[in-house]
Amino acid sequence: MRFALVLLAVACAAPSVSNEPVFDTKLDTSPRAQATARDGFTSERLETVLPRLMAEERIGLWALVAREYNEDPALATMLPATWRNARRTTILLCFAGRDGVERLAVSRYPVGEFFESAWDPAEEPDPWRAFGGLVAERRPRSIALNVSHDAALADGLTSSLHLQVLKSLPPGSEHGVTLRHRLPVRWLETRTAGERAAYPQLAAATHELILAGLRSVEPGRTTTADLAWWFEDQLLAAGFTTWFHPLVSVQRADGASRGASFAEREATTTIEPGDLVHVDVGLVWAGLHTDTQHQAYVLLPGEREAPEGLRAGFRDANRAQDCLTETFRVGAIGNELLAETRAKLAAANIDGRIYSHPLGLHGHAAGPLIGLWDEQQSVPGRGNFEVHANTAWSIELGVSQPVPEWGGETVEFLVEENALFDGEEVRYLDGRQVELTLIGTTGAVAHSGFEARRVRSVFQHDERGALRAVDEQRVLDQNRLAVE
């Protein structure tokens, strides 16, 4: 795979948000480039991941069946990027053999370059009879169907198609049907070499979007709804898509919005000096998803730093991330990592909640759950799934801590960064936030909050209104002087 790099600059247009900073990404987001990348990822997964997983799971035939507009989640990831949906009733068959996996489609035409057509309607008008004939010829010892009580993304075979598949199998072969298998989960959760190479660029693009949005805030004027729609506008204008509407909320010293779930908080709040701003943003590029949260503090007049209580709380959130990532190991189940992390937090006297999940071809992707925000003892079903190497993760959690400067009010410190687990260690895709981002009273970002300084191009308007690229560190240094 070759990933062409282009530089995109998109001016913001949301109301009550400054139009000076813009979103900068070096990814080629054109539809053609994304389709090419997506097909490259799919081809690589079919050629390298599928044979290994079918052998490890001891599956002789993986049969995936779906109708147009009601696609099985796993089947949808095997279609060419230009298909968008299944065609009529789509039957994909993966037969394991000594020389690899034979990929066939009971279809009038091939499914792109991924599945060869194995049905001639002139010889057999009934596609289900053709399906049964292919199974009878190859006689697989086990037949995997996508039916699962625990994983939604592995439960894509509808009840009517399930009955049709069983009815169409040759006599005796129905005894080899297995529903209790992990193949669709492992297929979806495994990140290929190409995906692992591209993912850091997606994480960097998400970070750049967040910083650009925070640079656009005008304290006393910009609302949380303005900023949320600014994020969505920027993503779509830059050629990305979203998998959830961006979330923006604030906490402040008067206790407003604190202690309520995101669904109960006010939909629109004006961002003011002294606010702790929280954003949650995810983008999609070539089928890969990100999911990132960030917190920023709006300085009060005369302030040069956030109150120490807020900074201390964020440091504890980072410590909680470390407690979680240190537990990762191949073969452990999600509930084990949850229990071990919570024990570490208790020993460190940190009041935290863990709710991390896999990332990949979905935002809340297939694989083990490590806690849910409302399930901190253990998670039934997916909490018992095993952790595997070459998986992507959203390291997501929250820490609650009283802030003396806010009258002892309990504040929530919410962090979420994207990472890869290679089987040995967890590595953040584009670093992580280790300090609160600081926003001056005029909206200038004086500190980005990230660990390792990432020098990137930031676009600004010059005196004639033209866009020009400047060094991000220089902008931050200038803004810090202006704040001070």
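Procedures and definitions
- Residues numbered from 1 in each chain as written.
- Predicted model: local features only at pLDDT ≥ 70, side-chain atom pairs only at ≥ 80, totals over all residues.
- Heavy atoms only, no water.
- Helix = DSSP H or I, 4+ residues; strand = E, 2+ residues; numbered from the N terminus.
- Buried < 20%, exposed > 50% of the residue type's maximum accessible area, 1.4 Å probe, protein only.
- Contact = heavy atoms within 4.5 Å.
- Areas by Shrake-Rupley, 256 points an atom, 1.4 Å probe, with all protein chains shown as cover.
- Pairing = 2+ DSSP bridges.
- Axes fitted to C-alpha atoms, helices over the stretch in contact; angles between N-to-C directions.
- Nonpolar A, V, L, I, M, F, W, Y, C, P; charged D, E, K, R; others polar.
- Salt bridge = Lys/Arg side-chain N within 4 Å of Asp/Glu carboxyl O.
- Polar contact = N/O pair within 3.5 Å; in protein donor to acceptor, adjacent residues only side chain to side chain.
- Core = buried A, V, L, I, M, F, W, Y, C linked by side-chain atoms within 4.5 Å.
- Parallel < 35°, antiparallel > 145°, perpendicular 65-115°, else oblique.
- Left-handed = near helix turned anticlockwise from the far one by under 90°.

1. Overview of the overall build of the protein
And step 1. A count of helical and extended segments in the protein gives ten helices and 22 strands.
And step 2. Buried positions account for 57% of the 484 residues belonging to the protein.
And step 3. The contacts of the protein with a sequence gap of at least 6 include a subset with a gap of at least 24, amounting to 67%.
And step 4. Accessible surface, the protein as shown: approximately 20700 Å² in total, 48% of it carbon and sulfur.

2. Describing the sheet that holds strand E4 (residues 89–97)
And step 1. Spatially, six strands are ordered E6-E5-E4-E3-E7-E8 in an open sheet, and the strand pairing comes out mixed. Each of the sheet's edge strands pairs with one partner strand only, and the pair in question is strand E6 (116–117) and strand E8 (177–178).
And step 2. Bridge count for strand E3 (residues 61–67) against strand E7 (residues 143–144) is two bridges, and the pairing is parallel. The residue of E7 that forms the bridge with leucine 61 is isoleucine 143.
And step 3. Of the strands in this sheet, E3, E4 and strand E5 (100–105) are in contact with helix H1 (residues 31–56), which crosses E5 at around 110 degrees.

3. Comments concerning unusual backbone geometry
And step 1. If you check the backbone angles, tyrosine 69 has positive phi at about 75 degrees while not being a glycine.
And step 2. Tracing the backbone shows tyrosine 69 in the loop between E3 and helix H2 (73–76).
And step 3. Backbone geometry places arginine 84, a non-glycine residue, at a positive phi of 70 degrees.
And step 4. Looking at where arginine 84 falls in the secondary structure, it is placed in the loop between H2 and E4.
And step 5. The class of arginine 84 is exposed, set by a relative accessible area of 70%.

4. A word on the environment of proline 80
And step 1. With respect to the element layout, proline 80 can be found in the loop between H2 and E4.
And step 2. A C-alpha to C-alpha distance of 6.2 Å links proline 80 and aspartate 39, two positions 41 residues apart in sequence.
And step 3. If we skip the residues at most four places from it in the chain, proline 80 touches Asp39, Val111, Gly112 and Phe114.

5. Brief notes about the environment of glutamate 113
And step 1. Considering the arrangement of structural elements, one finds glutamate 113 in the loop between E5 and E6.
And step 2. Judged by its relative accessible area of 79%, glutamate 113 is exposed.
And step 3. With 33 residues separating them along the chain, glutamate 113 and proline 80 place their C-alpha atoms 8.0 Å apart.

6. A few points about the packing of H1 against helix H6 (residues 193–215)
And step 1. At a minimum axis distance of 8 Å, the contact between H1 and H6 shows a crossing angle of 145 degrees. Here H1 contributes Phe41, Glu44 and Arg45 to the contact with H6, which in turn contributes Ala193, Gly194, Glu195 and Ala198.
And step 2. Counted by class, the contact of H1 with H6 contains three nonpolar, one polar and three charged residues.

7. Points about the pattern of salt bridges
And step 1. Evaluated as defined, the whole model comprises 21 salt bridges.
And step 2. Between arginine 129 and aspartate 126 there is a salt bridge, with its nearest N and O atoms 4.0 Å apart.
And step 3. The network of salt bridges with shared partners includes Arg52, Glu56, Glu57, Arg182, Arg186 and Glu386.

8. What about the side chain of serine 356?
And step 1. Topologically, serine 356 is positioned in the loop between strand E14 (351–354) and strand E15 (357–359).
And step 2. Within the local environment of serine 356, its side chain forms a polar contact with the backbone oxygen of serine 394, the two atoms lying 3.4 Å apart.
And step 3. The residues touching serine 356, leaving out its near neighbours within four places in the chain, are Leu324, Leu369, Ile370, Gly371, Ser394, Ile395 and Glu396.

9. Examining the nonpolar core
And step 1. Grouped together as the largest cluster of nonpolar side chains are 70 residues, with contacts concentrated most on Trp62, Phe115, Trp187 and Trp285.
And step 2. Looking at this core, the element that brings in the most residues is H6, giving nine residues.
And step 3. Listed in part, the 34 residues of the second largest apolar core include Leu310, Ile395, Val399 and Val411.

10. Re the environment of proline 73
And step 1. Here proline 73 is to be found in helix H2.
And step 2. Along the primary structure proline 73 and alanine 154 are separated by 81 residues, whereas in three dimensions their C-alpha atoms are 7.3 Å apart.
And step 3. In this view, proline 73 contacts Ala152, Leu153, Gly156, Leu188 and His362; residues no more than four positions away in its chain are not counted.

11. Quick look at the packing of helix H8 (residues 308–325) against helix H9 (residues 334–347)
And step 1. Between H8 and H9, whose axes approach to 8 Å, the crossing angle comes to 140 degrees. Between H8 and H9, the crossing angle belongs to the class labelled oblique. In terms of crossing hand, the pair formed by H8 and H9 is right-handed. Within the contact between the two elements, H8 uses Ala320, Cys323 and Leu324 and H9 uses Thr341, Lys344 and Leu345.
And step 2. Split by residue class, the contact of H8 with H9 holds four nonpolar, one polar and one charged.

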